[in-house]
Amino acid sequence: MVLLCPFTMKHKKILLVFLFFIFLFSGFSFRDKEEKKTFFGFDTWIEVELPQDSALLFPRISSLVTHLDQLWNRFSPRSMVFKINHSSFPLSVDEDTFRILEEAQKGGEETQGFFNILIAPLLDLWGFPGQPSIPGKEEIEETVDKIGKSKLHLEKESKRVFIEGEGQIDLGGIAKGYLIDEIVSLLQKERVSQALINAGGEIFALGKEIKAGVRHPREEKLLGYIIIKDEAVSTSGDYYRFFEEEGVRYHHILNPFTGYPGRDFWSVTVVSKKATLADILSTVIMAGGREALVVVEKNFPEIKILAVEEGGNVYLSPSMEKVFFTE
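Below, the structure is looked at part by part. Positions within a chain are numbered from 1, following the residues in the order the chain's sequence is written. For this predicted model, a pLDDT threshold of at least 70 governs which residues receive local features, and a threshold of 80 or more governs which side-chain atom pairs are given and counted, while totals over whole chains, interfaces and linings are taken from all residues. Side-chain figures throughout are based on the complete set of non-hydrogen atoms in the structure, without hydrogens or water.

**Structural notes on the sheet that holds strand β17 (residues 324–325)**
- Two strands form a pair only when DSSP identifies at least two bridges running between them. Runs of H or I in DSSP of at least four residues are treated as helices and runs of E of at least two as strands, each being numbered from the N terminus. Judged by pairing direction, the sheet is antiparallel, and its 3 strands sit side by side in the order β9-β10-β17 without closing on themselves. Both outer strands of the open sheet, β9 (210–215) and β17, are each paired with one neighbouring strand and no more.
- Summarising the sheet, strand β10 (residues 222–228) and β17 pair through 2 bridges and their orientation is antiparallel. In the sheet register, Ile-226 faces β17, and the bridge partner there is Phe-324.

**Considering the environment of Val-144**
- Tracing the backbone shows Val-144 in helix α6 (residues 137–149).
- Should any heavy atoms of two residues lie within 4.5 Å, those residues are counted as being in contact. Contact partners of Val-144, with chain neighbours within four places excluded, come to Leu-122, Pro-256, Phe-257, Thr-258 and Gly-259.

**Overview of a negative patch on the surface**
- In this analysis, a patch consists of residues with relative accessible area above 30% that form no salt bridge, clustered at 9 Å for like charges and at 5 Å for the nonpolar side chains Val, Leu, Ile, Met, Phe, Trp and Tyr. Only the protein chains shown count as covering a residue, and every accessible area follows the Shrake-Rupley method with a 1.4 Å probe. Between Lys or Arg on one side and Asp or Glu on the other, a salt bridge is scored when a side-chain nitrogen of the former is within 4 Å of a carboxyl oxygen of the latter. Under the counting rule used here, the positive set is Lys and Arg, the negative set is Asp and Glu, and His together with the chain ends is not counted. Throughout, a charge is located at the NZ atom of Lys, the CZ atom of Arg, the CG atom of Asp or the CD atom of Glu. Together, Glu-138, Glu-139, Glu-141 and Glu-142 make up a negatively charged patch on the protein surface.
- Its location among the elements puts Glu-142 in helix α6.
- For every residue, the accessible area (1.4 Å probe, protein chains only) is compared with the maximum for its type, and the residue is labelled buried under 20%, exposed over 50%, or partly exposed between those bounds. With relative accessibility at 48%, the residue Glu-142 sits in the partly exposed group.

**Observations concerning the packing of aromatic side chains**
- The aromatic pairing rule takes the rings of Phe, Tyr and Trp, using the six-membered ring of Trp, and pairs them if the centres are within 6.5 Å, calling planes under 30 degrees apart stacked, those over 60 edge-to-face and the rest tilted. Scanning the model with the defined rule gives 12 aromatic pairs in all.
- Note on Phe-243 and Tyr-250: the rings are 5.3 Å apart at their centroids and 20° apart in plane angle, and the pair reads as stacked. Tyr-250 carries the same exposure label as Phe-243, and that label is buried.
- Following the ring pairs from residue to residue traces out a cluster consisting of Trp-126, Phe-128, Phe-243, Tyr-250 and Tyr-260.
- Of note, Arg-215 hangs over the ring of Tyr-239, and the distance from its end group to the ring centre comes to 4.2 Å. Geometrically, a lysine NZ or arginine CZ counts as sitting over a ring once it is within 6 Å of the ring centre and also within 35 degrees of the ring normal.

**Brief notes about the packing of helix α7 (residues 175–189) against helix α8 (residues 275–299)**
- Axis angles are defined between N-to-C directions and span 0 to 180 degrees, where every axis is a line fitted to C-alpha atoms and, for a helix, only to the segment in contact. Contact geometry of α7 with α8 gives a least axis separation of 7 Å together with a crossing angle of 165°. Considering their axes alone, α7 and α8 lie roughly antiparallel with respect to each other. In the crossing of α7 with α8, the sense of the turn from one axis to the other is right-handed. For the pair α7 and α8, contact is made by Ala-175, Lys-176, Gly-177, Tyr-178, Ile-180 and Asp-181 and by Ala-275, Thr-276 and Asp-279, respectively.
- Taken together, the residues that form the contact of α7 with α8 break down as 4 nonpolar, 2 polar and 3 charged. Here roughly perpendicular refers to angles of 65 to 115 degrees, roughly parallel to angles under 35, roughly antiparallel to angles over 145, and oblique to all remaining angles. Each crossing is labelled by how the near helix is turned from the far one, with a counterclockwise turn of less than a right angle marking it left-handed and a clockwise turn marking it right-handed. Side-chain classes follow a simple rule in which Ala, Val, Leu, Ile, Met, Phe, Trp, Tyr, Cys and Pro form the nonpolar group, Asp, Glu, Lys and Arg form the charged group, and the remainder, Gly included, forms the polar group.

**Topic: the nonpolar core**
- Of all hydrophobic cores here, the largest spans 68 residues; its most connected members are Ile-61, Trp-72, Ile-169, Leu-171 and Leu-187.
- Among the elements that line this core, the one with the most residues is α8, at 12 residues.
- Ranked by size, the runner-up nonpolar core spans 17 residues in total, among them Ile-203, Ala-205, Ala-212 and Met-320. Only buried Ala, Val, Leu, Ile, Met, Phe, Trp, Tyr and Cys residues count toward a nonpolar core, and they belong to the same one when joined by side-chain atoms within 4.5 Å.

**Observations regarding the sheet that holds strand β15 (residues 304–309)**
- With antiparallel pairing, the 8 strands of this open sheet are ordered in space as β2-β3-β7-β8-β11-β14-β15-β16. Looking at which strands have only one partner, the edges of the open sheet turn out to be β2 (34–41) and β16 (314–316). On average, each strand axis in the sheet is inclined to that of its neighbour by 10°, with strand direction left out of account.
- Bridge count for strand β7 (residues 195–199) against strand β8 (residues 202–206) is 5 bridges, and the pairing is antiparallel. Along β8, the bridge assignment pairs Ile-197 with Phe-204.
- In the packing of α7 onto the sheet, contacts are made with β3 (44–51), β7 and β8, and the angle to β8 comes to roughly 15°.
- Lying on the sheet, α8 is in contact with β8, β11 (231–237), β14 (265–272), β15 and β16; it crosses β14 at an angle near 130°.

**Describing the pairing of β2**
- Relative to β3, β2 runs antiparallel, the two being bridged by 8 bridges. Directly across from Lys-37, in β3, lies its bridge partner Val-48.
- Hairpin connection of β2 to β3: 2 residues between the antiparallel strands, including Phe-42 at a positive phi of 55°.

**Observations regarding the side chain of Thr-44**
- Within the fold, Thr-44 resides in strand β3.
- For Thr-44, a relative accessible area of 6% translates into the label buried.
- Not counting the four nearest positions on each side in its chain, Thr-44 is found in contact with Phe-39, Lys-176, Ala-199 and Gly-200.

This is the structure we're talking about:
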């Protein structure tokens, strides 16, 4: 028996309600002097809450979400990522695309290859985000080999980009984090003192302390909450896009070295000063499991990590122990 659980529009609405519940449950309340707007992009809902006197920035935020979403949707022939993926020669790209690719390349180097944005052919092989199924072992091995031999070339002065090999770009493990950091940058330039940004469950609290709830990956309840201020929280889990076959759950966060979904953890939550880095590292640990966790803790000692192991045990890094509470 195969159980398909794609992240459909219906699921998005349910998740939005659930995330709102988390904030209320964990002690965060919306005040009369604040205004909230919801946007859609990157295949998710993006909520931004600002002081009322900063509400004039909402149209600029909306334009930013739309602009970056259109740039990086690899399935749209009009997007820059689609053009890079299907070009046989170097392409000049815009500043935002070049910068996110630089961040992605740096993330790959600092995580010893566990973060690899050239993973699109592997996602396609598994059928994510459409109708997923288990590929053949040889197909997986061949695709992993192709991705491993591929290289992203970035020419800084000319802002030109070229993919050597058969890998193709997918920005699913970094785009939401980059978007949040860009929104935060905009707000800081406009001297907005406080804000709350929630992009599909990835959260940034600007200028104020909040309690961000961490959901249980198997039950409709909270594991606890994390106290953050001027930080981002990113969670990667096996419960967003997945299917089950013969009692085994297969999710969309794939290990670029094995070609299979990560197995060690049900979910991973990371806290960082930058949302881009939180997005990358939660993806890396979820995909690479305990081996990747060791790499991340060695190279990013300042990062706070919560990982729910297969079976339900919760691992907390020493820095996370200081900010995570169950009551």
